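# Coordinate analysis (summary)
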Amino acid sequence: MTPKLVIVSAPSGTGKTTLCDRLLQDYPELVYSVSCTTRDPRGEEEDGVDYHFLDKAAFSRLVGQNAFLEHAEVHGNFYGTLAEPIRDAFRSGLSVLLDIDVKGAAQVRDALLALPEGDPLRGSLVDVFISPPSLVELRRRLESRGEDAPDVIEKRLKNAEGEMARRDEFTFHVVNDDLEIAYKELRAILEYEDAVIGPENCDSAHEGVSRHHRGHDHGHCGCGHEHEHGHGHCGSGHDHGHEHGHGHCGCGHEH
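Bear in mind the structure is a predicted one, so any value in this text is a computation, not a measurement.

This part takes up the overall build of the protein. Of the regular secondary structure elements, the protein holds 8 helices and 13 strands. Classification of the 255 residues of the protein by burial places 53% in the buried group. Summed over all atoms, the accessible surface of the protein reaches about 11400 Å², with 48% contributed by carbon and sulfur.

Moving on: the environment of aspartate 178. With respect to the element layout, aspartate 178 can be found in the loop between strand E9 (172-175) and helix H7 (179-192). Classification of aspartate 178 by relative accessible area gives partly exposed; the value is 37%. For the pair aspartate 178 and proline 132, spaced 46 residues apart in sequence, the C-alpha separation works out to 9.5 Å. At 3.0 Å, the side chain of aspartate 178 forms a polar contact with the backbone nitrogen of isoleucine 181.

This part is about the sheet that holds strand E5 (residues 68-74). Reading across from one edge, E4-E3-E6-E5 is the order of the 4 strands in this open sheet, with mixed pairing throughout. With one partner strand each, in any of the chains shown, strand E4 (52-53) and E5 form the two edges of the open sheet. Note that strand E3 (residues 36-37) and E4 share 2 bridges and pair parallel. The residue of E4 that forms the bridge with threonine 37 is phenylalanine 53.

Another point: the confidence of the model for the protein. Residues of the protein with pLDDT of at least 70 account for 77%, and the chain-wide mean is 82. Between residues 200-206, whose pLDDT stays under 50, and residues either more than four places distant or in other chains, the model counts 8 contacts. Counted against residues more than four places away or in other chains, residues 210-237, with its pLDDT under 50, gives 149 contacts.

In this section: the pattern of salt bridges. Across all of its chains, the model carries 18 salt bridges by this definition. Measuring nitrogen to oxygen at the nearest pair gives 2.9 Å for the salt bridge that ties aspartate 119 to arginine 87. Highlighted residues: aspartate 119 in the loop between helix H4 (102-113) and strand E8 (125-131) and arginine 87 in helix H3 (residues 84-91), separated in sequence by 32 residues. A relative accessible area of 16% places aspartate 119 in the buried class. The salt bridge involving glutamate 143 is made with arginine 139; its shortest N-O contact spans 3.7 Å. Of this pair, glutamate 143 and arginine 139 both sit in helix H5 (residues 135-144), separated by 4 residues, roughly a single helical turn. The exposure class assigned to arginine 139 is partly exposed, which follows from its relative accessible area of 30%. Each of Arg109, Asp127, Arg166 and Glu169 takes part in salt bridges that share partners, so that together they form one network.

Turning our eyes to something else, we now look at the packing of aromatic side chains. Applying the stated criterion across every chain yields a total of 5 aromatic pairs. Ring geometry for tyrosine 51 versus phenylalanine 53: centroids 5.8 Å apart, planes at 55°, classification tilted. With 5.5 Å between their ring centres and 35° between their planes, phenylalanine 59 and phenylalanine 78 make a pair best called tilted. Placement of the pair is phenylalanine 59 in helix H2 (residues 56-64) and phenylalanine 78 in strand E6 (residues 77-82), with a sequence separation of 19 residues. For phenylalanine 78, a relative accessible area of 22% translates into the label partly exposed. An aromatic cluster is defined as three or more aromatic residues linked by ring pairs; in this entry it consists of Tyr51, Phe53 and Tyr79.

Moving on, we get to H4. Between its first and last C-alpha, H4 extends 17 Å over 12 residues, near the 16 Å set by a 1.5 Å rise per residue. Looking only at H4, the buried set comprises Val102, Gly104, Ala105, Ala106, Val108, Arg109, Ala111 and Leu112. Between a side-chain oxygen at the N-terminus of H4 and the backbone nitrogen of lysine 103 the separation is 3.1 Å; the capping residue is aspartate 101.

When two helices pack together, their arrangement is captured by the angle between the axes and the distance separating the axes. It is at 10 Å that the axes of H5 and helix H6 (residues 150-164) come closest, and there the two elements cross at 145°. Considering how the two elements wind past one another, H5 and H6 form a crossing that is right-handed. Where H5 abuts H6, its residues Leu135, Leu138, Arg139, Leu142 and Glu143 lie against Ile153, Glu154, Arg156, Leu157, Ala160, Glu161 and Met164. The residue makeup of the contact of H5 with H6, split by class, is 7 nonpolar, no polar and 5 charged.

What counts, and at which threshold
Residues numbered from 1 in each chain as written. Predicted model: local features only at pLDDT ≥ 70, side-chain atom pairs only at ≥ 80, totals over all residues. Heavy atoms only, no water. Helix = DSSP H or I, 4+ residues; strand = E, 2+ residues; numbered from the N terminus. Buried < 20%, exposed > 50% of the residue type's maximum accessible area, 1.4 Å probe, protein only. Areas by Shrake-Rupley, 256 points an atom, 1.4 Å probe, with all protein chains shown as cover. Polar contact = N/O pair within 3.5 Å; in protein donor to acceptor, adjacent residues only side chain to side chain. Pairing = 2+ DSSP bridges. pLDDT = per-residue confidence, 0-100. Contact = heavy atoms within 4.5 Å. Salt bridge = Lys/Arg side-chain N within 4 Å of Asp/Glu carboxyl O. Phe/Tyr/Trp six-rings, centres within 6.5 Å; stacked < 30°, edge-to-face > 60°. Expected span 1.5 Å × (residues − 1). Axes fitted to C-alpha atoms, helices over the stretch in contact; angles between N-to-C directions. Left-handed = near helix turned anticlockwise from the far one by under 90°. Nonpolar A, V, L, I, M, F, W, Y, C, P; charged D, E, K, R; others polar.

Structural data, given as structure tokens:
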């Protein structure tokens, strides 16, 4: 395998957190990117595990040092993805999983393209967009889990529509109509891209895998199926709230 930076983006309610958690469980060579934030810890959150909790002065210093691949301000708090921990993981032969929204993903793409030729991060990106089969189905999922007020659901659906409109910015698309099939397709992408160590005999899993150019129509992920795209966001690029009922603002990080 070759260490890769794996971005997975999806609207709230699409099952992204479940899929990412399974990847991390099944592939020890894939580690999660812990974001920085200036907000206070919530509940049982741990520093260095859920987030790197920083004060605003420390965060500003890191911004001035160009330490972030991407960063954003959301509701008075700052969020960002540090580059150096990703480089450390690469030096250890590990791939890194980054769970951010479409705006954060765009910032990361631009940051990687600005790196000099030969930088190990420059050509390392594997970006996947996961979508629900439809907005109607997404509404059903959000309503059935019973965790959000009606106005929150409407906001999530509006955000989801905007995110899905940007799905062609991603190299790979997976539709989560069936969780097991979607997970098989996601695994096939990572194995095809050599981001993880797959099973020795995985030709059948990779059959049909192909990259598509960003901006073109639906791509194929690795199972021979055509895929479209699929956490609500606020507008800055960080994912704020996993699939478990927390809201998203659009900045790419969990709040």
